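# Coordinates in review
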Amino acid sequence: MSTLPFSAAQSSSVSCSTFVSGFNYRASRSNLFPVRTPRFFNRLARRNLSVKNIASDRRQELKDPSVNGEETPEPDSASIAASIQYHAEFTPLFSPEHFDLPKAFVATAESVRDSLIINWNATYKYYEKMNVKQAYYLSMEYLQGRALLNAIGNLELSGAYADALRKLGHELENVARAYAALGNGGLGRLASCFLDSLATLNYPAWGYGLRYKYGLFKQLITKDGQEEVAENWLEMGNPWEIVRNDVSYSVKFYGEVISKPDGSKEWIGGENITAVAYDVPIPGYKTKTTINLRLWSTKVAPNEFDLRAYNDGDHAKACAALKNAEKICYILYPGDESIEGKILRLKQQYTLCSASLQDIIAHFEKRSGKPVNWEKFPEKVAVQMNDTHPTLCIPELIRILIDLKGLSWKESWDITQRTVAYTNHTVLPEALEKWSLDLLQELLPRHVEIIRMIDEELIRTIIAEYGTENLDLLQHKLKQMRILDNIELPDSVLELLVKPEESSAVDSIEEVEVSDEETEPTDEEQSEEQDTNAKDVVTFEPDPNLPKTVRMANLCVVGGSAVNGVAEIHSEIVKNEVFNEFYKMWPEKFQNKTNGVTPRRWIRFCNPVLSEIITKWTGTDDWVLNTEKLSTLAKFSDNEDLQSEWREAKRINKIKVADFIKEKTGYIVNPDAMFDVQVKRMHEYKRQLLNIMGIVYRYKKMKEMSPEERKARYVPRVCIFGGKAFATYVQAKRIVKFITDVGTTVNHDADIGDLLKVVFVPDYNVSVAEVLIPGTELSQHISTAGMEASGTSNMKFAMNGCILIGTLDGANVEIRQEVGEDNFFLFGAEAHEIAGLRKERAEGKFIPDPRFEEVKAFVRNGVFGNYNYEELMGSLEGNEGYGRADYFLVGKDFPSYVECQEKVDEAYKDQKRWTKMSILNTAGSYKFSSDRTIREARGANYTGVNPTFDLQETMAAEDQELNITAWMASFMCLQKQRKHQAVCGQRSN
């Protein structure tokens, strides 16, 4: 059972229990504080309760009886420094001798967390009291970035904390470098942006994920290319999380399903693990609303440790159950080439779904009281599945409702369909998950039974919609739409497909005399009869040469109330291609919710110098919450003063990038060169290969020119790459190696000098992005058209005044519409052309551009080292075959890309024009706030989830006598310690 509200007493930060237990604030303050109490703690003694609804901006002042109308003071740097010192001394994870960066980070984070806990408790106490409908966001990834800067920024304490740390000998920027390794790319970053927006907009919400001990991996760049080592983000502890040892749930694998005498089913036996909750606070901006990200860690009960085996020396056997459970949460996306890897991934997905749903149901039951009205479950709960990874939510919710809560199939199916919604993030076939039926049957036998029931329900719906007259049409529909792929139809469905025998019209029948003598049918007549009988029964036999699979995306569509794409072009592809048959049957389910990013992290906090300029020229800092105000910048885009300030801000950020590159790679780059950046997950469809081939072409042409010609023709560029290739994705790792080899050659070429540099930044993550994006001038989003669902990095770059070069893919389409066609460098084939171009290639009709052939030959000549790039170059050649035929159309788009880059050079030479384009990109990026996405989702996926009142101070006067905050306890303990030290010093003297 879950425990709410969050209690400061559960936090490890409050270790002086003698000062916390039973302390009466009003009665005791004067005795405990012989020195003047800093203003920060006086906020508890002088309390205003301000109830604010951000949606309508209404306020209601609730005066505390003990308050004389005084305004609540803001915390100052002295009181913050005292709190940090307290945590350094009294909640130590480090030795007491030094106050170095790791210790400073943990102490500072725990100091901030103390304040968040107050808001955390108040938020959920209010949710409990009001019994609001709550959104639950399930995602395998959360790429949060540096929580410290985000938290103090949202609390509006950045300045105070910077001053406090400076007094203690550290800079905030240096202290705030730690981050949680819980994600990989856009999927996890989007999830974190949504949580930020949900909190900021005061929506009652909760995130669920897994607590990966070693993250995805830490990327090293060596002479051999990318190497992977385990992340160590938990090695020094995670001060943001609070383990809830009283919140745990049993999760089962394997076993068998038995039928009881009353007809009900029970899942018994098998392997049981325990999922334990770790909670992380997510604060909103300029609001006290602080929502929760609950992460599950896995373990087994102590009695699973085989003590006998251990003492007998069989240590592996003794620890087997423990290790088997713990490894579920070791890393994000374990390699799934082996059967063991597939099982582990499925265990991860089911653990997330099962533990989260058990927790959600516990919340619902607690808030509902008894008897529980399950019909109201969808009125209080909205479950959002971020991609297909949480698909098992659907059969798991049905299992709990039927097997554990005693509901009927019909009731459970109806409740599930009204509760769950699905966000699709990909059109790539390999990413639309399919799992082996046999594997699922072995691991989750009860869920396979339920999935079969859902599949049968779907088949009956399809038959009801399209009938059985046109069997070819029906066969097509079932092939496209069934959840169970290449699996025989249920017997009950086959009976519906038997054609009734045609009866003759008796009115016109004449009697025919038949001989008594029976006549044997001829061979021809027998054959015709067999053919007729064969047509009467349609078996839809599976193909024995193909695997039997469960299509998770189809299950999401069937089981969910809504399906949304994440950009306009992507949503159209979802409707017209990926799930077209479903769209024809249920058009009302399909929606578009273009992605967004939080402007707090991605402008306000990561680019303070630009933020100040935006605030100055828009006349308000309200743009951080209402990004529509960014559009005001457009009318000043020609203003020379604004342009001058804008260029200076960009140069300041470029100098930071140059320093960062030197620190991470050793390369020295010129901040006066154009900074051209492509940072994202390494994948063939994202076409980092196209970018580096273009750079090779540029380098080759430079080498063919005299120094004077080079200087006249080319703008100096620093080409920056970053991104991780999945550990088993060989081709992506080859591309990483190629980029680094090109960089090694180009960067040491004295003839080229600062005209061209190529840098691969290792271990790209959110913290790196926060440095690179503000200093970027040209940002590359060059995926094969129709293959990128949306992208979110394109939005972050545009917000920071970066000009995009890209294809009409994903959110690029909408960004170009908003910033203006003249302020976006467009090239390449369009989505509707791709299928025809691939067909043309397969027919041998494609003729490569001579410039492209020239680049391939240049690479093969060994200019960039001894590595054999034949496999990489070969993938761009041929007309068919696996790993051949240039599936992602690098060669097709190469000439268009090179010519577009020439336009980039020309535009950059005119700095006034370039700066105007940059300003208009920021002005036009207002649409791409995650706040807008969440508001749109409220009307569809989150129907009935409404903004709640933001209680600025939620604790009533009577609660003050019982609730002693960790802040107050920290300060009291510190004063007690100092007094004790002073007394001891006097005695020793």
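Note that the structure is predicted; figures quoted are calculated from it, not measured.

Each helix and strand counted, the protein chain has 40 helices and 25 strands in total. Counting the 989 residues in the protein chain, one finds 57% classified as buried. Taking the intrachain contacts of the protein chain between residues at least 6 apart in sequence as the baseline, contacts between residues at least 24 apart amount to 78%. Total accessible area on the protein chain stands at roughly 41700 Å², and carbon and sulfur atoms take up 49% of it.

This paragraph deals with the pattern of salt bridges. According to the stated counting rule, one finds 69 salt bridges in the structure shown. Aspartate 676 serves as the salt-bridge partner of arginine 717, at 2.7 Å between the closest nitrogen and oxygen. One end of the pair, arginine 717, is in strand S20 (residues 717-722); the other, aspartate 676, is in strand S19 (residues 674-679), with 41 residues separating them in the sequence. Overall, the relative accessible area of 2% leaves arginine 717 in the buried class. Here the salt bridges share partners, and the residues they tie into one network are Glu853, Lys856, Arg860, Glu870 and Glu877.

Turning next to helix H4 (residues 77-90). Two residues of an α-helix separated by three or four positions point the same way, owing to the 3.6 residues in each turn. Compared with an ideal rise of 1.5 Å per residue, which puts 14 residues at 20 Å, H4 spans 20 Å between its outermost C-alpha atoms and is within 8% of the ideal. In terms of burial, H4 is largely enclosed, as 10 of its 14 residues are buried. Considered for burial, the residues of H4 that qualify are Ser77, Ser79, Ile80, Ala81, Ala82, Ser83, Ile84, Tyr86, His87 and Ala88.

Read from one edge to the other, the open sheet built from 6 strands follows the order S21-S20-S19-S22-S23-S24, with strand pairing classed as parallel. The sheet is open, and its two edges are formed by strand S21 (756-761) and strand S24 (825-826), each paired on a single side. Both strand S23 (residues 803-806) and S24 contribute to a ladder of 2 bridges, which runs parallel. In the strand pairing of S24, isoleucine 805 is matched with phenylalanine 825. Contacting S19, S20 and S21, helix H26 (residues 640-665) runs over the sheet at an angle of about 65° to S21.

Another aspect to go through is the UniProt feature "modified residue: N6-(pyridoxal phosphate)lysine" (unreviewed entry) in the protein chain. According to UniProt, the "modified residue: N6-(pyridoxal phosphate)lysine" (unreviewed entry) feature falls on Lys796. On the secondary structure map, lysine 796 appears in helix H31 (residues 793-799). Apart from residues lying up to four places away in sequence, lysine 796 is in contact with Arg189, Val597, Trp602 and Ile773.

Pairing is antiparallel across the open sheet formed by 3 strands, whose spatial order is S14-S16-S15. Either end of the sheet is taken by a strand with one partner, and the two such strands are strand S14 (434-436) and strand S15 (484-485). One ladder, built from 3 bridges, connects S14 with strand S16 (residues 549-551); its direction is antiparallel. In the strand pairing of S16, serine 436 is matched with threonine 549. Across the sheet, helix H21 (residues 552-559) is in contact with S14 and S16; its angle to S16 comes to roughly 45°.

Attention shifts here to the pairing of S23. Side chains Ile803 and Ile805 project from S23 onto one buried face, and the interleaved Leu804 and Gly806 project onto a second face that is buried too. Note that strand S22 (residues 778-781) and S23 share 4 bridges and pair parallel. From the neighbouring strand, glutamine 780 faces S23, where its bridge partner is isoleucine 805. Taken together, S22, H31 and S23 form a β-α-β motif whose crossover is right-handed. For the crossover that starts at S23, traverses helix H32 (residues 812-819) and ends in the parallel S24, the hand is right-handed.

With that out of the way, let us pick up the packing of aromatic side chains. In the structure shown here, the tally under the stated rule is 34 aromatic pairs. Ring centres 5.0 Å apart and planes at 80° place the aromatic pair phenylalanine 364 and phenylalanine 377 in the edge-to-face group. Remark: phenylalanine 377 occurs in helix H13 (residues 377-380) and phenylalanine 364 occurs in helix H12 (residues 339-368); sequence separation between them is 13 residues. The two residues phenylalanine 364 and phenylalanine 377 agree in class, both being buried. Between phenylalanine 738 and phenylalanine 864, the ring centres sit 6.3 Å apart and the planes meet at 75°, which makes this aromatic pair edge-to-face. Here phenylalanine 738 is found in helix H29 (residues 730-747), whereas its partner phenylalanine 864 is found in the loop between helix H34 (850-860) and helix H35 (870-874), with 126 residues between them in sequence. Judged by relative accessible area, phenylalanine 738 falls into the buried class, the value being 0%.

A few words on the environment of glutamate 469. Here glutamate 469 is to be found in the loop between helix H17 (445-466) and helix H18 (471-481). With 28 residues separating them in the primary sequence, glutamate 469 and leucine 497 have C-alpha atoms 9.1 Å apart.

Here H29 spans 26 Å end to end across 18 residues, near enough to the 26 Å set by a 1.5 Å rise per residue. Where burial is concerned, most of H29 is hidden: 13 out of the 18 residues are buried.

The next thing to look at is the side chain of glutamate 788. Tracing the chain through its elements places glutamate 788 in the loop between S22 and H31. For glutamate 788, a relative accessible area of 13% corresponds to the buried category. Within the structure, glutamate 788 has its side chain in polar contact with the side chain of tyrosine 685 (distance 2.9 Å). With sequence-adjacent residues up to four places away left out, glutamate 788 is seen in contact with Tyr685, Lys686, Ser783, Asp809 and Gly810.

You can see asparagine 823 is positioned in the loop between H32 and S24. The residues contacting asparagine 823, other than those within four sequence positions of it, are Ile803, Met917, Leu920 and Asn921.

One way to put it is that H12 packs onto helix H14 (residues 393-404) with a least axis distance of 9 Å and a crossing angle of 45°. In terms of axis orientation, H12 runs oblique to H14. Seen from above, H12 lies across H14 with right-handed handedness. Taken together, the residues of H14 that come into contact with H12 (itself represented by Tyr350, Cys353, Ser354, Leu357, Gln358 and Ile361) are Cys393, Glu396, Leu397, Arg399 and Ile400. Of the residues contributing to the contact of H12 with H14, the split by class is 7 nonpolar, 2 polar and 2 charged.

Once that is clear, we can look at the confidence of the model for the protein chain. Counting all residues, the mean pLDDT for the protein chain is 86, and 84% of those residues have values of 70 or more. Every residue in residues 502-519 scores below 50 in pLDDT, and together they form 1 contact with partners more than four places removed in sequence or on other chains. Taken together, the stretch residues 529-536 has pLDDT below 50 and engages in 4 contacts with residues farther than four places along the chain or on a different chain.

Glancing now at the environment of serine 115. Assignment of secondary structure puts serine 115 in helix H5 (residues 101-130). When its relative accessible area of 7% is taken as the criterion, serine 115 is described as buried. Considering only alpha carbons, one finds serine 115 and leucine 155, 40 residues apart in sequence, at a separation of 9.0 Å.

A cluster of nonpolar side chains, contributed by Phe305, Leu307 and Tyr310, occupies part of the molecular surface with about 270 Å² of accessible area. One can find phenylalanine 305 in the loop between strand S11 (290-299) and helix H10 (307-311).

At a minimum axis distance of 9 Å, the contact between H34 and helix H36 (residues 890-909) shows a crossing angle of 105°. Taken together, the axes of H34 and H36 lie roughly perpendicular to each other. Contact residues: Arg851, Phe852 and Val855 in H34; Val890, Gly891, Phe894, Pro895, Val898 and Glu899 in H36. Of the residues in the contact of H34 with H36, the class split is 6 nonpolar, 1 polar and 2 charged.

What follows deals with the pairing of S22. The side-chain alternation of S22 yields two buried faces, one formed by Leu778 and Gln780 and the other by Ser779 and His781. Of the strand pairs in this sheet, S19 and S22 are connected by 2 bridges, and their pairing is parallel. Looking across to S22, one finds that valine 677 is bridged to serine 779.

Below, the discussion takes up the environment of asparagine 150. For asparagine 150, the location among the structural elements is in helix H6 (residues 147-154). Overall, asparagine 150 belongs to the buried group, its relative accessible area being 11%. With 455 residues separating them in the primary sequence, asparagine 150 and phenylalanine 605 have C-alpha atoms 7.2 Å apart. Setting aside chain neighbours within four positions, we find asparagine 150 in contact with Asp196, Arg601 and Phe605.

Reading the values: the criteria
- Residues numbered from 1 in each chain as written.
- Predicted model: local features only at pLDDT ≥ 70, side-chain atom pairs only at ≥ 80, totals over all residues.
- Heavy atoms only, no water.
- Helix = DSSP H or I, 4+ residues; strand = E, 2+ residues; numbered from the N terminus.
- Buried < 20%, exposed > 50% of the residue type's maximum accessible area, 1.4 Å probe, protein only.
- Contact = heavy atoms within 4.5 Å.
- Areas by Shrake-Rupley, 256 points an atom, 1.4 Å probe, with all protein chains shown as cover.
- Salt bridge = Lys/Arg side-chain N within 4 Å of Asp/Glu carboxyl O.
- Expected span 1.5 Å × (residues − 1).
- Pairing = 2+ DSSP bridges.
- Axes fitted to C-alpha atoms, helices over the stretch in contact; angles between N-to-C directions.
- UniProt positions renumbered as here; feature names shortened; annotations may be inferred.
- Right-handed = clockwise from strand over helix to strand, strands pointing away.
- Phe/Tyr/Trp six-rings, centres within 6.5 Å; stacked < 30°, edge-to-face > 60°.
- Polar contact = N/O pair within 3.5 Å; in protein donor to acceptor, adjacent residues only side chain to side chain.
- Parallel < 35°, antiparallel > 145°, perpendicular 65-115°, else oblique.
- Left-handed = near helix turned anticlockwise from the far one by under 90°.
- Nonpolar A, V, L, I, M, F, W, Y, C, P; charged D, E, K, R; others polar.
- pLDDT = per-residue confidence, 0-100.
- Patch = residues over 30% accessible without salt bridge, like charges linked within 9 Å, V, L, I, M, F, W, Y side chains within 5 Å.

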